[in-house]
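Read off the chains here:
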Amino acid sequence: MTSIESDTEVAARLEFEETQRSEGWRLLRAALRLQRRNLLLGALVGILWASFKVAVPQMTKYAINDGIEKNGPLLRWALIIGGLGVLTGVLSGMRRYIAFRESRWAETLFRERLFSHVLNLHVGYHDKAQTGQLMSRASSDLMQIQGFIVMIPITLSNVIQIFAVTAILFLTDPILAIVALIPLPFVNLSARRFSHRIHPASIAVQAEQAQLANVVEESISGVRVVKGFGAEQVQFEKLEKEADDILRESMKAARIRSSFMPAIDVLPALGLVAVLGVGGHRVLNGDLTIGDLVAFNVYLTLLIWPLRNIGMIVALGQRAAAALVRINEVMSTESEITDPAQPKTLPLQTTEPVGAVKFDKVLFGYNPEFPVLRNFSMEIRGGESIAIVGATGSGKSTVTRLLLRFYDTQSGHVFLDGIDVRKLKLSDLRKHIGVVFEDTVLFNDSVRNNIAFAKPDAGVEEIERAAKLSGAHDFVLQLPNGYETVIGERGFSLSGGQRQRIAIARAIVANPRVLVLDDATSAVDPSKEGEIRDAMKTVMSGRTTIVIAHRPGTIALADRVILLDEGKVAAIGTHDELVGSNARYREVLASMSTPEEEKVN
Amino acid sequence: MWSQGGVTDEDRLSRAQARTVIGRVFKMAAPFRKTMYVAFACVCATTLCALAGPLLVRRGIDLGIRGNDPASLNVSVGVYLLVALIAYVFGRAQFLYLNRTGESFLRVLRLAVFRQMQRQSMAFYDRNKAGVLVARMTADIESMAELVQWGLLQFLAAGMLIVFALVLLATLSWQLTIVALLVMPILIAASVKFQRDSNKAYLTVRDRVGANLSALQEGITTVRVIQAYAQEEETIRKFTKSNRELFKSHEHSVRVSTWYFALIEFGGVFASALIIGIGGWLVHRGDVTLGTVVAFTLLLSSLFDPVQQLSQLYNTVQSAGAALNKLFQILDAKPEVDEHPGAVALPLSGELVVNGIDFTYSGAENRALQSVSISVGVGEKLALVGPTGAGKSTLAKLMARLYDPQVGSVSYGGIDLKMATMSSLRERIVVVPQEGFLFNGTIRDNLRIARSTANDEEIDAAIAAIGATEHFATLPDGLDTEVRERGSRLSAGERQLVALARAALVDPAVLVLDEATSNLDPGTEAEVEHALERLMAGRTVIVVAHRLSTVQRADHIAVIADAQVAEYGTHAELIAKGGRYSALAAAWQKSQVSR
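Residues numbered from 1 in each chain as written. Chains lettered and ligands numbered in written order. Predicted model: local features only at pLDDT ≥ 70, side-chain atom pairs only at ≥ 80, totals over all residues.

### Points about the overall build of chain A
Thinking step 1. Helices and strands together make up the secondary structure of chain A, namely 21 helices and ten strands.
Thinking step 2. For 601 residues, the compact-globule estimate of 2.2 N^0.38 gives 25 Å, and chain A exceeds it by more than 25% at 36 Å.
Thinking step 3. Each of the three principal axes of chain A carries a C-alpha extent, and together these read 120 × 65 × 60 Å.
Thinking step 4. Taking all 601 residues of chain A together, the buried fraction comes to 46%.
Thinking step 5. Taking the intrachain contacts of chain A between residues at least 6 apart in sequence as the baseline, contacts between residues at least 24 apart amount to 79%. (Helix = DSSP H or I, 4+ residues; strand = E, 2+ residues; numbered from the N terminus. Rg over C-alpha atoms; globule rule 2.2 N^0.38 Å. Buried ≥ 20, exposed ≤ 12 C-beta atoms within 10 Å, placed from the backbone. Contact = placed C-beta atoms within 7 Å.)

### Brief notes about the domain arrangement of chain B
Residue and element names in this part refer to chain B.
Thinking step 1. Considered domain by domain, chain B is made up of domain 1 (15-332) and domain 2 (352-590).
Thinking step 2. Its C-alpha centre places domain 1 at a distance of 54 Å from the equivalent point of domain 2.
Thinking step 3. Between domain 1 and domain 2, the contact holds five residues from the first and six residues from the second.
Thinking step 4. Split by residue class, the side of domain 1 that touches domain 2 holds two nonpolar, one polar and two charged. (Domains from an automatic or database assignment. Nonpolar A, V, L, I, M, F, W, Y, C, P; charged D, E, K, R; others polar.)

### Some points on the nonpolar core
Thinking step 1. In this structure, L384(B), L500(B) and A501(B) are the most contacted members of the largest nonpolar core, which totals 339 residues.
Thinking step 2. Sequence-distant contacts of L500(B), defined by excluding residues within four places in its chain, comprise V432(B), I466(B), A531(B), L532(B) and L535(B). (Core = buried A, V, L, I, M, F, W, Y, C linked by C-beta atoms within 7 Å.)

### A closer look at the sheet that holds strand β10 (residues 568-573) of chain A
Adjacent strands of a sheet form backbone hydrogen bonds with each other and so pair up, either parallel or antiparallel.
Residues and elements named next belong to chain A.
Thinking step 1. Reading across the sheet, the six strands line up as β6-β7-β8-β3-β9-β10 and stay open at both edges, with mixed pairing between neighbours. Edge strands, defined here as strands with exactly one partner in the open sheet, are β6 (433-436) and β10. For this sheet, the mean angle separating the axes of adjacent strands, direction not counted, is 20°.
Thinking step 2. Here β6 pairs with strand β7 (residues 514-518) via four bridges, running parallel. In the strand pairing of β7, G434 is matched with L515.
Thinking step 3. Sheet strands in contact with helix α16 (residues 496-509) are β6 and β7, and its direction is about 180° off that of β6. (Pairing = 2+ DSSP bridges. Axes fitted to C-alpha atoms, helices over the stretch in contact; angles between N-to-C directions.)

### Considerations on unusual backbone geometry
Thinking step 1. Although it is not a glycine, N511(A) sits at a positive phi angle of roughly 45°.
Thinking step 2. Considering the arrangement of structural elements, one finds N511(A) in the loop between α16 and β7.
Thinking step 3. For N511(A), a count of 17 C-beta atoms within 10 Å translates into the label partly exposed.
Thinking step 4. The backbone of D507(B) sits at a positive phi, close to 55°, despite the residue not being glycine.
Thinking step 5. Residue placement: D507(B) occurs in the loop between α15 (492-506) and β7 (510-514).
Thinking step 6. Overall, the presence of 16 C-beta atoms within 10 Å leaves D507(B) in the partly exposed class.

### A few points about the interface of chain A and chain B
Thinking step 1. Across the boundary between the two partners, chain A contributes 124 residues, which contact 124 residues of chain B.
Thinking step 2. In terms of residue count, helix α9 (residues 232-284) of chain A provides more of the side of chain A that touches chain B than any other element does, 31 residues in total.
Thinking step 3. Split by residue class, the side of chain A that touches chain B holds 64 nonpolar, 40 polar and 20 charged.

### What to know about the sheet that holds strand β4 (residues 411-416) of chain A
Residue and element names in this part refer to chain A.
Thinking step 1. As summarised here, the arrangement of the four strands in space is β2-β1-β4-β5, forming an open sheet in which the pairing is antiparallel. Looking at strand neighbours, the two that pair on one side only are β2 (373-380) and β5 (419-420), the edges of this open sheet.
Thinking step 2. With two bridges connecting them, β4 and β5 associate as antiparallel partners. Note on β5: the bridge partner recorded for L416 is I419.

### A short note on the domain arrangement of chain A
Many analyses report the size of an interface as the accessible area lost when the parts associate.
Thinking step 1. For chain A, the domain assignment lists domain 1 (7-331) and domain 2 (357-600).
Thinking step 2. Between the C-alpha centres of domain 1 of chain A and domain 2 of chain A there is a distance of 54 Å.

### Examining the packing of helix α6 (residues 174-181) of chain A against α9(A)
Residue and element names in this part refer to chain A.
Thinking step 1. At a closest axis distance of 8 Å, the pairing of α6 and α9 adopts a crossing angle of 155°. Comparing their axes, α9 and α6 come out roughly antiparallel. Where α6 crosses over α9, the two elements pack in a sense that is right-handed. Contacts from L176, V179 and A180 in α6 reach G271, A274, V275, V278, G279 and R282 in α9.
Thinking step 2. Tallied by class, the residues present in the contact of α6 with α9 amount to six nonpolar, two polar and one charged. (Parallel < 35°, antiparallel > 145°, perpendicular 65-115°, else oblique. Left-handed = near helix turned anticlockwise from the far one by under 90°.)

Listed below in structure tokens is the structure:
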């Protein structure tokens, strides 16, 4: 933090963090309340298990004192111990099962709530949010919480076990109990300190591993550059440095482990030494039986794991709390774009063409201080096709985003068929607008499902018709599994032009009132582009179409052209009219052309 | 936790493979063999100390307490204390030495695998997906870190503990040892079954976690499209389905472990019941002492715990073995394009001649090039055009020896490229790929990829040579600007400028260009075009062309179709000929502005 905070600011921040934390815990409590029956059952099982577990050494003691030393009923004692074995076995299995199942279930439900919340958040939120951040909320942060929940029933039975064992030891021989127990709190302390110190160390190792991964990744993705320039040695030296860093950080972590782990092992042994020394002499003096001495030994070993676990749960709890705060940050964000309280419905299609779009004195900026559109008004009749032309940054694509209500205007209105888009249900509005975005996004799914995205129940004919219109049908048939070929990031990789043609088919299947093509054919092979444009004319006839033109070629698709300049409509007319009358239009066109055409001019 | 690894049936190593892998690991670990032996000795010492404890308790009870000899009791206590302290010292040492051995091994492995990957030719990178190669170098090696930090130690310690404990128990009382071993077969059988089931469960969980993460990521990155088509509900429904599948696989894997841990818990108590029952009877008969019975109850865990640990570690060790096997396969791969032992430097200038070459990509059925011959004179510009996949990029790559032809040769100044030293080849012929690929670091660092020894003046000169000095001066830190991951801080055009400056830094005689298919932003496009022109001036150029403007500027045009040179000539000649080229030129013309 470079900025210096005033006292009040610090106070405000701390208070904010405090509310976040308590909100986070509230979130966890609410989630756990849903599962309270099973969690209580788990706790009960844990307590029972602890009691039986504690009874085993007690019975061993009786067996030695009564059965072996006094020649008593040995078989009976052996059977009792065996019976306890059955009980502790069954109960420990149950405890484990309940703890893990419930924690996984809580994690599962949390993840679903998080996902559906994020998916419904307004686009403005996603502009700022990083995918990686949201991913780690739903994966590693939830794992921290799961790790904590699983420890709840286990910790409970551990606490019971510690109390019970301590009580028995004191009842048997208070002096020996004190001597034997002295080293044990240090086990707990060491475990706690170990957890605190190893966590940052292993994070440092992970950070170094991530850096090495970067070098590897870029050397492999950029292999043509590396090979082309013979830069193998340069990259190797980078990698060597990262590998050395990993070794160094790993050894730091190893040193932390080496200073705590053996200590945690040795401390209980010191207790056993004390029991043998002090206890042995007390037996010799007749203050203690041999059975008691042996039981003491066993009890001490029973304390080791619970003490270690309790030491660790403190650290786990703190990590879970931090994770909860981060999750709560997302969950408490409200969507800024929501359905109206009393939505209107769009007029049905009659003889009049539908799909009229109107922007009325719209003021909008992604940052309100720097408006992108100012006093922007335009009207598109139903069924008309229009091209929006403008220099880079003139706000062409913003028009689409406002129509879709990805953002709301700061002032002014946007209408679809005469109804303010804010008065419509979001799903109603968006189902009637089909957009082919500038950067084509496909899903990791079959070609069929990608095309039928907006209408999952679309029939085969409908899908193929759309694919034919967008010029996708032919190459789809060439794919290994035709329409069933899985495409997208992890599937069959398509060229940029092929991807765009699938995206166009997707928009066609949606059968929208308004079709928006945002530079939809930029990556299509020039020799194919003409073909697609011809096909598009069929789709566009009788349908309102907005073409966001980044290149001169696409303008030809539209009836009229709107020239956008500095956030306002600078001119409207046909392409030929504007070329003839508007100098600015010619300028913008020229800047869009390829250099070769510049020379021709 | 209890299951950190798993291995699929196809990856599981055979006995012979396992032996080879272990042998190679030891060979690679040779430089730090001493550390390894020290580590091993420390593990032995710690294990012995752990076993000495119960023995000393036995001695204390039998000789000290029952023998009513306080002095003897004190001796036992004193030695016990000493042993505990020694155990601590060796415990620390074993951690340090084992970790040092393991981590040093991983470092050597990382360097060796990376170096070998870099020696491979392009064909290797065509065969292996980038993601898989990255995974070998990262996830596969990291998966072994766990083993190095904990597993190796536990594995060694557990194995030793079983052996030592058995020997010890047998010397104390053979009768009670037999009793203790009665429970062992059940325990071992359960462990083997658990290891198999948990391996399977782990693999399912791993797959489902992967699928779920992908669904999650896809949902977040495509949120705009989902919202634009109002498909939130449907997407959430699909995600919930994959999320519930994940939950089921978790639940299954817990169930697998539940009965096993229940049995282990029962087995431990049951065995001590047996020892007490039968041991007590033996004490009555006078066959064993009470101290021995007590020592046995204490030592039982030394016998049972390691069995349990070994079974849990087994999967981790197996998956590490599988990972190592794959890494060794990379180490064994012979680079296809390598320097010839008697290689000579290429001359400073000369004609680039392709002489009757055939080329087939490995694994492909059809030839990518078939008896292609073409020559490019000094300072000549050749454009390669033709349909996608016809072989024009392949030809360009062979002309820069990114691959070697199966038949025929490519020569420069009369010397076969196969006989040229790699360094002179890379200095003479430079390939500039379609998109400017940038590495993490500053712009200067990115230029030094081309020539690591270049000083700042030379870099400035290279930037000036392509006329981009002013452009980069406008960046906040000029040429010292950090370009971030993949150069994300720069525009596509700026990245291309950096790529061209790299070529200028090498100052090659021959440039091989792959023209971009998609357009850059109009602003920088002109600058890139200008830089290209300056770079091409006075050099031999082979360009894979996608635009009319580029083709028109070339001295000669070769149309590559169906793996062969279909037409060759100047623009005017080929237009006049009215063949493939004139048709292509017409299509290009049409896709420009409709006039």
